[in-house]
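Chain residues, written in single-letter form:
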Amino acid sequence: MAALDTFFASLEASLHNPTQRHPVVRMVRETDLDLAMATAEHVTSLLVAHEISDDAHHSSSTAWVVRNLAARNFDYNLLNVASLQRVLVASADNNGEYTCELVRELHSAGCRGAVFAELDVVEILMRHASALCRNKGTLAIHSPAGYPAGCQTHGLVLSLASAGVQFASVLTVDLAQNIIQTHAIRARAWTSSLCRALKKVGVDEVVHSLTAEISLPSDGVHVSITNLAGLLLEECSFPPEATISELDGKMLEIKDRLKAGWSGSFSVTFLDVNDAGIVTVMTSDHLKRYRRLTIRVGFSIAIPA
C-alpha cells in the first residue's frame, strides 16, 4: 500500500510541472504497478486534481487517465456516489467541455449505473451550465474570460442518462427550468439543444390533475375547481349557455396559482371520465351537459425569453 500511496502522490505532483503535457496519462500507462489494490480515495483525489489542473483543459485527458487506470486493474466498482459526485463537479467547474466524455469513460470503465442513478444531477448540471472553461495561450488573448461549458450541457445530459441517471424521476420540470434559465445566461446559443436533450430523457412536462364539479342553479352554471387533495382553487359562475371555452379562460388565473412566475408553456385539456372510458371534451361543448370534468393542466419546459 505504501508503494501505491507514493505512486498516486507522484501522479498529483506531476500536475504542477508546466513543462510536461499529459504526464499522468503517460505515468499510469508506463507503470509496472498492479492498481487492483488502489483505493477509491486514491483515484477520486487524482481525478479531481487532474480536472482542476491546466493539463486537463481543452482535452479529454482525464478520460484517458480513467481508461489507463482500468487497464492497470483498478476496480471502478469501488467508486461510490460521493466519490463520483466530487469528480463530476470538479469536471463541470473546470473542464466542462469534456465532462460528457468523462462520464462515458467512467461508465465504460465499470462505474455502476446504480451509482450514477443516485447522483445529485441538479448540482452537476447547475455548475456545468454556469461554468466558464479557462482559456490558455492564444485563446486567452482573444477571449480572456473563457468560453461557456454550457456548449456541451446537452451532451452531458445524454451521457448521464446513458450511464444510468433516470432524469424523469430525479429532475422535476421546475428544477429543469431553473437549470435552463441559468444556462441561458452563460450559453444561450446552446440552450435550445439543452431543452431538446431534457425532453429526450423524459423531462418534458409536469401535469396537475384538477376536478371541476358542475351544478345548475336557476340563474346559470356554477363550477367548483379542486385539486387532487380536495383543496378549492376556484369557484365561478357562468350564463346558462356557457361553453367549456369560458371555463378554459378561467384556467389562466388558476395556472398562476399552480406555477407562480412560470416562464414555460402550459396546456389545458378537459376530460370526461365515465363508465365508457376517458373522452376528451371539446371546448365548444356546453358546460351544462356535464356534472364533473377532469382538467389536465400541463407545464412544459421552455427556453427563457
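All of these numbers come straight from a predicted model, not from anything done at the bench.

This brings us to helix 6 (residues 99-109). Looking at helix 6, one finds that the buried residues are Thr99, Cys100, Leu102, Val103, Glu105 and Leu106. Summarising the contacts, the buried residues of helix 6 are in contact with helix 3 (40-52), helix 4 (61-71), helix 5 (81-94), helix 7 (113-117), helix 8 (121-130) and helix 10 (153-163). Positive backbone phi, approximately 130°, marks Gly110, located one or two places after helix 6.

Our next topic: the packing of helix 6 against helix 10. Remark: helix 6 packs on helix 10, axes separated minimally by 8 Å, with the N-to-C direction vectors making an angle of 10°. The orientation of helix 6 relative to helix 10 falls into the category roughly parallel. Seen from helix 6, the contacting residues are Thr99, Cys100, Val103, Arg104 and His107; seen from helix 10, they are Gly155, Leu156, Ser159, Leu160, Ser162 and Ala163.

In this section: helix 4. Every buried residue of helix 4 is accounted for by Ser61, Thr62, Ala63, Val65, Val66, Asn68 and Leu69. In this structure, the buried residues of helix 4 make contact with helix 1 (2-14), helix 2 (23-30), helix 3 and helix 6. Just beyond helix 4, the residue with positive phi is Asn73, at close to 80°.

When strand 6 (residues 265-274) meets strand 8 (residues 292-300), the two strands line up antiparallel, connected through seven bridges. Residue pairing across strands places Ser267 opposite Gly298, the latter belonging to strand 8. The pairing of strand 6 with strand 7 (residues 277-280) spans four bridges and is antiparallel. Within the sheet, the bridge partner assigned to Leu271 lies in strand 7 and is Thr280. The antiparallel hairpin formed by strand 6 and strand 7 contains two residues in its connecting segment.

This part covers the packing of helix 8 against helix 12 (residues 173-187). Packing of helix 8 against helix 12 leaves a shortest axis separation of 8 Å and a crossing angle of 15°. What the angle tells us is that helix 8 and helix 12 run roughly parallel. Regarding helix 8 and helix 12, the two cross each other, and that crossing is right-handed. Touching Val122, Leu125, Met126, Ala129 and Ser130 of helix 8 are Leu175, Asn178, Ile179, Thr182, His183 and Arg186, all from helix 12. Looking at the contact of helix 8 with helix 12 residue by residue, the class counts come to six nonpolar, four polar and one charged.

Further remarks concern the sheet that holds strand 8. By definition, the strands of a sheet pair up through backbone hydrogen bonds, in either a parallel or an antiparallel sense. An order of 5-4-3-8-6-7 is seen for the six strands of this open sheet, with the pairing classed as antiparallel. A strand with exactly one partner marks an edge of an open sheet, and here the two such strands are strand 5 (232-238) and strand 7. Taken pair by pair, the neighbouring strands of this sheet meet at an average axis angle of 30°, ignoring direction. Contacting strand 3 (205-215), strand 4 (221-226), strand 5, strand 6 and strand 8, helix 14 (residues 244-258) runs over the sheet at an angle of about 155° to strand 5.

As a further point, take the side chain of Ser159. Tracing the chain through its elements places Ser159 in helix 10. Residues in contact with Ser159, not counting those within four places in the same chain, are Cys100, Val103 and Arg104.

Here the focus is the packing of aromatic side chains. One pass over the structure, following the stated rule, counts three aromatic pairs. Aromatic side chains Phe74 and Tyr76 sit 4.8 Å apart centroid to centroid with 90° between the ring planes, which places their arrangement in the edge-to-face category. Summarising the burial analysis for this pair, Phe74 and Tyr76 share the class buried.

This paragraph deals with the pattern of salt bridges. For the coordinates displayed, the defined rule picks out ten salt bridges. Of the charged contacts in the structure, one is a salt bridge between Arg26 and Glu30, with a shortest N-O distance of 3.7 Å. Of this pair, Arg26 and Glu30 both sit in helix 2, separated by four residues, roughly a single helical turn. A salt bridge links Glu41 to Arg86; the shortest N-O distance between them is 3.2 Å. Note that Glu41 is positioned in helix 3 and Arg86 in helix 5, a separation of 45 residues in sequence.

So, on to the side chain of Ser193. Counting through the fold element by element, Ser193 comes out in helix 13 (residues 191-200). At 3.2 Å, the side chain of Ser193 forms a polar contact with the side chain of Arg196.

Across all of its chains, the model carries zero disulfides by this definition. A disulfide-free cysteine, Cys100 has its sulfur positioned 8.9 Å from the sulfur of Cys151, the nearest such atom. There is no disulfide at Cys195, and the cysteine sulfur nearest it, in Cys151, is 16 Å away. A relative accessible area of 5% places Cys195 in the buried class.

Basis of the calculations
Residues numbered from 1 in each chain as written. Predicted model: local features only at pLDDT ≥ 70, side-chain atom pairs only at ≥ 80, totals over all residues. Heavy atoms only, no water. Buried < 20%, exposed > 50% of the residue type's maximum accessible area, 1.4 Å probe, protein only. Helix = DSSP H or I, 4+ residues; strand = E, 2+ residues; numbered from the N terminus. Contact = heavy atoms within 4.5 Å. Axes fitted to C-alpha atoms, helices over the stretch in contact; angles between N-to-C directions. Parallel < 35°, antiparallel > 145°, perpendicular 65-115°, else oblique. Pairing = 2+ DSSP bridges. Left-handed = near helix turned anticlockwise from the far one by under 90°. Nonpolar A, V, L, I, M, F, W, Y, C, P; charged D, E, K, R; others polar. Phe/Tyr/Trp six-rings, centres within 6.5 Å; stacked < 30°, edge-to-face > 60°. Salt bridge = Lys/Arg side-chain N within 4 Å of Asp/Glu carboxyl O. Polar contact = N/O pair within 3.5 Å; in protein donor to acceptor, adjacent residues only side chain to side chain. Disulfide = S-S within 2.5 Å.

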